[in-house]
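Understanding the architecture of this molecule
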Amino acid sequence: MNRFAPYVFLRDLASRWDVLAFIVVIGLIAFLGETSRGLFAPLSQLDVTPLSLDPAHLPEYAARTTFRMLAGLFLSLVFTLTYATWAAKSERAGKLLVPILDILQSVPILGFISVTVVFFMSLAPGRVLGAEFAAIFAIFTSQAWNMAFSFYQSLRTVPTELMEAAESFRLSPWMRFWQLEVPFGMPALIWNMMMSMSGGWFFVVASESISVGHTSVALPGVGSYIALAIEQKNLHAIGWAIATMLIVILLYDQLLFRPLVAWVDRFRVEQEPGVRVPDSWALTMMRRSRLIQAATVAFHAAVLRTSRAVKRTDKPPQAPAPKRRLDLLWVSLIIGAAVLGLWHIVWVLIKNTPVREALQVCGLATLTMLRVFILIALASLVWVPIGVWVGMRPRAAQIVQPIAQFMAAFPANLLFPIAVYGIVAWKLNPDIYLSPLMILGTQWYILFNVIAGASAIPAEMRYVAANFRVSGWLWWRKVALPAVLPFYVTGAITASGGSWNAAIVAELATWGDTQIQARGLGSYIAEATTAGDFHRIVLGIGTMSLFVVVINRLFWRPLYYFAERRYRLT
């Protein structure tokens with residue numbers, strides 16, 4: 001007789017996966033409790049307990065930074081599912097929402113901080129919570145735009161046969177969104193969420209160490225730790241910060257992104273038999289834990305109930321009646337917003353800006369534009385072939401994923417010691433040798449989107465190419481490049497906008513008292529922000545937004561629509 005037989009009911013009550021899930025959940029609750037501590041404390045508390053470069057504080061700082069980034073990622077996901085869907089579903093709204101998205105991604109992080117910091121601080125006067133709102137919003141602005149563009153591109157390229165199948169099953173618009181369109185866009189969206197998380201790390205120094213004019217707030221976190229280490233020229237502290245970043249990235253890769261990548265593999269349009277699917281111990285834990293399964297069943301029941309609440313009519317579709325009044329109202333709103341914006345531009349900028357200064361700023365923007373073009377071209381030549389190779393090999397994608405996340409998250413500020421020392425020691429030209437810092441974090445948008453596009457290439461397309469012995473450059477020209485072009489353009493648009501953003505960090509490198517400056521619009525905005533010169537800040541941000549929007553309208557957007565029309569999977 002088994003002496004453990006009386007305790008068999010414990011095994012039925014909770015398996016080892018339930019125990020592991022319980023430990024993970026309790027750990028997450030403790031993590032949230034620790035990070036929320038001090039949110040409602042007075043702002044003066046930050047001066048009472050100033051930042052320390054002691055490595056013992058890094059676990060707490062890392063928890064605070066990770067919480068802000070996860071909060072920003074959640075807000076970005078909500079924004080994506082609403083804004084991108086509205087832009088893709090409504091042709092009338094899309095004509096306005098997509099250009100607005102172009103403008104928003106062209107506004108630098110320091111621009112958002114300088115304009116919104118007073119507003120967020122006023123939401124919780126004299127409290128740390130107001131500064132936390134400002135930091136989370138700044139991180140949100142570094143994460144949301146590429147996710148929205150990715151989901152918008154997915155909604156615009158849903159295969160026609162899938163839409164016809166949804167019509168055949170008489171799915172309501174609500175059910176079609178959650179059971180067809182969201183699953184179809186999930187693989188690319190997850191890769192862009194990983195890129196967004198890394199993008200938040202890239203700008204974490206600016207978002208946690210806020211300095212606009214006479215307002216200076218340093219929130220406890222890895223970003224402010226790095227800023228203090230750079231100010232004090234402490235290489236040991238920078239080494240500890242890099243190690244902490246690596247550990248944190250590996251943790252949320254194992255607990256969040258690797259399970260998501262393994263889970264969304266079921267939503268790929270084509271499943272090639274015999275290919276090893278991605279796996280994750282955390283996803284296995286969630287699937288085998290009774291506690292998590294119960295929560296999942298409750299969530300599915302809620303979604304199904306809301307889906308059934310939206311009834312589908314059995315009437316045959318009719319041609320929509322012309323809505324001239326609605327169109328007239330919409331056009332009137334657009335014209336009104338444009339006139340109001342132009343009035344503010346004329347009143348704030350043109351009235352107080354000499355022609356000489358305006359021409360100087362345009363010249364600086366041209367220099368930054370040339371850097372962006374050259375760097376995007378070089379990054380494309382390197383990462384498009386690598387992304388296609390990785391995307392067609394799921395096992396390689398699992399290996400590359402955490403490495404690319406860490407490299408994308410690596411803040412340019414951490415390379416300032418090397419850049420400043422090398423430029424000063426060898427008397428190099430800062431206009432050239434500071435430029436690679438601009439593409440350091442944004443080139444990965446191209447890689448991640450190309451990997452997502454290559455992983456979505458239908459198996460029959462590859463089989464046909466193999467049967468006809470299509471290889472070499474012909475295979476790239478007829479199979480690989482057309483298949484990944486819509487995804488590449490999405491990544492290149494975001495990488496281009498991100499490079500303009502990164503110019504503010506890259507064109508003005510500081511290491512202690514030593515400062516190296518490259519001529520460009522980024523260093524112009526950085527100097528204006530440090531000086532608190534609102535006029536020059538608005539002038540620089542407006543010029544950058546204008547250049548980015550014009551480039552997107554004349555080059556990237558036509559290329560995007562060409563890829564969408566010609567290479568859509570139908």
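Anyway, here's the lowdown on the structure attached to this text. (Residues numbered from 1 in each chain as written. Predicted model: local features only at pLDDT ≥ 70, side-chain atom pairs only at ≥ 80, totals over all residues. Heavy atoms only, no water.)

**Focus: the side chain of Ser499**
Along the polypeptide, Ser499 turns up in helix H23 (residues 472-506). Residue Ser499 is classed as buried on the basis of its relative accessible area, which comes to 0%. Among all residues touching Ser499, those that are not within four sequence positions of it are Val372, Ile376, Met438, Ile439 and Thr442. (Helix = DSSP H or I, 4+ residues; strand = E, 2+ residues; numbered from the N terminus. Buried < 20%, exposed > 50% of the residue type's maximum accessible area, 1.4 Å probe, protein only. Contact = heavy atoms within 4.5 Å.)

**Considering the pairing of strand S3 (residues 508-511)**
Where S3 and strand S4 (residues 514-517) come together, 4 bridges link them in antiparallel fashion. Bridged to Trp511 within S4 is Thr514. Hairpin connection, S3 to S4: the antiparallel pair is bridged by 2 residues, and Gly512 has positive phi, about 70°. (Pairing = 2+ DSSP bridges.)

**Let's talk about the environment of Asp54**
Position of Asp54 relative to the elements: it lies in the loop between helix H3 (45-48) and helix H4 (58-89). It is 9.6 Å that separates the C-alpha atoms of Asp54 and Tyr225, two residues lying 171 residues apart in sequence.

**Some points on the environment of Ile109**
Tracing the backbone shows Ile109 in helix H6 (residues 109-123). Judged by its relative accessible area of 3%, Ile109 is buried. In the structure, Ile109 is positioned 395 residues away from Ile504 in sequence and 8.8 Å away in space, judged by C-alpha atoms. With residues up to four places along the chain from it excluded, the contact list for Ile109 reads Ala138, Thr141, Ser142, Phe203 and Asn501.

**So, unusual backbone geometry**
Notably, Lys427 is not glycine yet its phi reads approximately 55°, a positive angle. Summarising the element assignment, Lys427 is placed in the loop between helix H18 (416-425) and helix H19 (430-433). For Lys427, a relative accessible area of 76% gives the class exposed. Phi is positive for Arg469, close to 55°, though the residue is something other than glycine. Relative to the helices and strands, Arg469 resides in the loop between helix H22 (459-467) and H23. For Arg469, a relative accessible area of 75% puts it in the exposed group.

**Here's the deal with the pattern of salt bridges**
All told, the structure shown has 10 salt bridges when counted by the stated rule. Across the pair Glu132 and Arg68 runs a salt bridge, and its minimum N-O distance is 2.6 Å. With a gap of 64 residues between them, Glu132 in helix H7 (residues 128-156) and Arg68 in helix H4 connect regions that are remote in the sequence. Assigned by exposure class, Glu132 and Arg68 land together as buried. Across the pair Glu507 and Arg371 runs a salt bridge whose closest N-O atoms are separated by 3.0 Å. Placement of the pair is Glu507 in the loop between H23 and S3 and Arg371 in helix H16 (residues 355-391), with a sequence separation of 136 residues. Each member of the pair Glu507 and Arg371 is classed as buried. By sharing partners, the salt bridges in this structure join Arg64, Arg68, Glu132 and Glu208 into a single network. (Salt bridge = Lys/Arg side-chain N within 4 Å of Asp/Glu carboxyl O.)

**Some details on the packing of H4 against helix H9 (residues 173-202)**
Orientation of H4 relative to H9, taken along the N-to-C sense of each, is 140°, at an axis distance of 10 Å. Between H4 and H9, the angle falls in the class oblique. Judged by the twist between their axes, the crossing of H4 over H9 is right-handed. When H4 is examined against H9, the residues Thr65, Met69, Leu70, Leu73, Leu77, Thr80, Leu81, Thr85 and Lys89 are found in contact with a partner set consisting of Phe177, Trp178, Glu181, Leu189, Met193, Ser196, Met197, Gly200 and Trp201. In terms of residue class, the contact of H4 with H9 is built from 11 nonpolar, 5 polar and 2 charged. (Axes fitted to C-alpha atoms, helices over the stretch in contact; angles between N-to-C directions. Parallel < 35°, antiparallel > 145°, perpendicular 65-115°, else oblique. Left-handed = near helix turned anticlockwise from the far one by under 90°. Nonpolar A, V, L, I, M, F, W, Y, C, P; charged D, E, K, R; others polar.)

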